[in-house]
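Fold and contact review
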Amino acid sequence: MQTLYVELGARRYPIFIGNQLASHELLADYIISDQVMIVTNDTIAPIYLQQYQQQLQTLGKTVASCILPDGEKFKDLNHLNMIFDALLTHRFNRDCTIIALGGGVIGDMSGFAAAAFQRGVAFIQIPTTLLSQVDSSVGGKTAVNHPLGKNMIGAFKQPEAVIADMAVLATLPDREFSAGMAEVIKYALLGDADFLVWLEQNMDAIMQRDAELIAQLVLRCCAHKAAIVARDETEQGDRALLNLGHTFGHAIEAHMGYGEWLHGEAIAVGMVMAAHLSQLNGWISTADIDRVRHILKRAHLPVLSAAIPVDEFLAHMAHDKKVLQGQLRLILLEKLGKAIVTKQFNPSDLETVISENQAVAII
Ligand code: NAD
Ligand code: GLY
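Quick caveat: nothing in here was measured; it's all calculated off a predicted structure.

The rules behind each value
- Residues numbered from 1 in each chain as written.
- Chains lettered and ligands numbered in written order.
- Predicted model: local features only at pLDDT ≥ 70, side-chain atom pairs only at ≥ 80, totals over all residues.
- Heavy atoms only, no water.
- Helix = DSSP H or I, 4+ residues; strand = E, 2+ residues; numbered from the N terminus.
- Rg over C-alpha atoms; globule rule 2.2 N^0.38 Å.
- Buried < 20%, exposed > 50% of the residue type's maximum accessible area, 1.4 Å probe, protein only.
- Contact = heavy atoms within 4.5 Å.
- Core = buried A, V, L, I, M, F, W, Y, C linked by side-chain atoms within 4.5 Å.
- 1 Å grid on protein atoms, 1.4 Å probe; cavity = no way out; pocket = protein on both sides within 12 Å on 5 of 7 lines; lining within 4 Å.
- Points joined across faces, edges and corners; volume = space filled by probe spheres on them.
- Nonpolar A, V, L, I, M, F, W, Y, C, P; charged D, E, K, R; others polar.
- Axes fitted to C-alpha atoms, helices over the stretch in contact; angles between N-to-C directions.
- Parallel < 35°, antiparallel > 145°, perpendicular 65-115°, else oblique.
- Left-handed = near helix turned anticlockwise from the far one by under 90°.
- Near = heavy atom within 4 Å.
- Polar contact = N/O pair within 3.5 Å; in protein donor to acceptor, adjacent residues only side chain to side chain.
- Areas by Shrake-Rupley, 256 points an atom, 1.4 Å probe, with all protein chains shown as cover.
- Pairing = 2+ DSSP bridges.
- Right-handed = clockwise from strand over helix to strand, strands pointing away.

Regarding the overall build of the chain
Summing up its helical and strand segments, the chain has 13 helices and 11 strands in all. A globule of 363 residues ought to have a C-alpha radius of gyration of about 21 Å, and the chain, at 20 Å, matches this closely. Taken along the three principal axes of its C-alpha coordinates, the chain extends 60 × 45 × 40 Å. When each of the 363 residues of the chain is scored for burial, the buried share is 56%. The long-range fraction of contacts in the chain, counting pairs at least 24 apart against all pairs at least 6 apart in sequence, stands at 75%.

Okay, here's the thing in structure tokens:
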């Protein structure tokens with residue numbers, strides 16, 4: 001098992017990366033409360049809930065669970081309330097612990113519940129998708145969606161620990177694995193050109209689920225995320241770089257209806273659009289854009305958006321949290337392996353990028 005730390009002073013916490021961690025006694029060290037609520041969904045519960053419940057009961061904990069319906073379309077305030085209902089029905093108090101057992105949807109919802117329940121209770125992330133292991137379980141962003149915007153209602157809430165068990169990826173569907181690879185490729189493009197080369201060299205084996213390579217890439221991505229979060233926890237600066245491709249991607253997700261396109265699929269196309277706009281700024285070459293497209297395709301990810309009218313696409317982008325004083329800021333690439341946050345782009349280039357990276361509408 002490998003251990004990394006997110007260095008946040010008194011709130012410093014570990015990320016454990018290893019195999020078969022459910023049988024490990026990690027939870028004993030990080031749950032001091034007697035009451036534990038495991039939040040999961042109806043896909044994950046039949047596979048993984050029982051083993052964690054049993055382990056916690058063996059530790060003498062009072063364990064309850066809250067099983068949410070599976071899907072991004074349920075990541076909303078109504079379904080968040082199911083967690084509060086479960087906590088109150090079981091008379092959980094302020095020193096309880098909430099465990100998120102699931103992917104990014106469960107992690108974001110459980111974390112938000114942990115931030116709000118009785119003004120804040122302890123929280124542990126057990127991420128079960130590649131995307132949540134390399135990104136969403138680390139760094140304390142929590143949220144639910146609103147019909148007018150993704151992740152618009154939320155809080156920063158750091159966990160006590162993150163337990164990333166490679167063994168759970170065995171049951172993860174291929175499409176979800178690919179979606180996680182979009183976030184992996186994101187780290188390479190935004191800040192690690194050597195990692196991009198490593199991914200190019202190893203992509204075939206990774207897509208065949210080589211366990212050793214996957215553990216290495218989870219470690220590398222978590223190290224990047226931990227470093228960025230340690231220097232900019234609440235996204236006043238550098239942390240925005242982690243949103244490479246996201247402003248475009250969120251527009252696709254919002255337009256298509258949450259859950260139609262997976263988050264990772266949408267940001268894959270978003271990263272192509274960001275690369276294209278960077279090229280129109282004169283920062284990278286067309287060969288660089290091809291390299292971005294190629295690595296995404298090798299991870300079985302889309303590189304073209306669904307057909308969305310440009311004005312509607314732009315309207316969705318205008319809801320982005322990076323809009324400051326009415327001005328859209330985007331994450332663009334100065335070169336492959338170095339992203340920046342910038343307002344510097346030509347609005348007509350942005351329209352070109354949106355229209356030229358869409359599949360042709362079938363009428
Ligand atoms: P997800 O949570 O919807 O999980 C994907 C699917 O895989 C679901 O159907 C889930 O039930 C299933 N699943 C999960 N683990 C499984 C396993 N081990 N075996 C079998 N099936 C399994 O999606 P995701 O890609 O993990 O997360 C996407 C969400 O994360 C989005 O809502 C996005 O906004 C959010 N996100 C948050 C952050 C952050 O910093 N907080 C960062 C990136 C993404
Ligand atoms: N996934 C973006 C962030 O954590 O900031």
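Brief notes about unusual backbone geometry
You will see that R209, though not glycine, has its phi angle at about 65°, which is positive. In this fold, R209 is placed in the loop between α7 (193-207) and α8 (211-231). Classification of R209 as partly exposed rests on a relative accessible area of 23%. For H300, which is not glycine, the phi torsion reads 60° and is therefore positive. Mapping H300 onto the fold places it in the loop between α11 (286-298) and α12 (310-317). Under the relative-accessibility criterion, H300 is labelled exposed at 57%.

A closer look at the nonpolar core
Among the nonpolar cores identified, the biggest contains 80 residues, and L130, M181, I185, L199, L217 and F248 are the most heavily contacted of them. With 10 residues, the single largest contributor to this core is helix α10 (residues 263-280). Discounting residues that sit within four places of it in the chain, L217 has contacts with L130, V134, M181, V184, F195, W198 and I206.

A word on the layout of surface pockets
Taken as a whole, the second largest pocket holds about 180 Å³ of empty space. Every residue along the wall of the second largest pocket is listed here: M1, Q2, I17, G18, N19, M166, A211, E212, A215, Q216 and L219. Elements with a contribution of two residues or more to the lining of the second largest pocket: β2 (13-18) and α8. Of the residues forming the lining of the second largest pocket, the biggest block, five residues, is contributed by α8. Looking at the lining of the second largest pocket residue by residue, the classes come out as six nonpolar, four polar and one charged.

Focus: the packing of helix α3 (residues 77-89) against helix α4 (residues 104-116)
Relative to each other, α3 and α4 sit at 55°, their axes nearing to 10 Å. Judged by the inter-axis angle, α3 sits oblique to α4. Between α3 and α4 the crossing geometry is right-handed. Residues H79, L80, I83 and F84 of α3 form the contact with α4, whose own contacting residues are M109, S110, F112, A113 and A116. Split by residue class, the contact of α3 with α4 holds seven nonpolar, two polar and no charged.

Things to note about the site of ligand 2
The local shell around ligand 2 consists of D135, K141, K225, E235, R239, L242 and N243. With respect to ligand 2, the side chain of D135 contributes an N or O atom lying 3.1 Å from a nitrogen atom. With respect to ligand 2, the side chain of K225 contributes an N or O atom lying 2.5 Å from an oxygen atom. In isolation ligand 2 offers 200 Å² of accessible surface; the protein chains occlude 90% of this area.

Topic: the pairing of strand β4 (residues 62-68)
Pairing of strand β3 (residues 35-41) with β4 involves seven bridges; the strand directions are parallel. Among the inter-strand pairings, I38 is bridged to a residue of β4, identified as S65. Each parallel crossover has a hand, and the one from β3 via helix α2 (residues 45-58) to β4 is right-handed.

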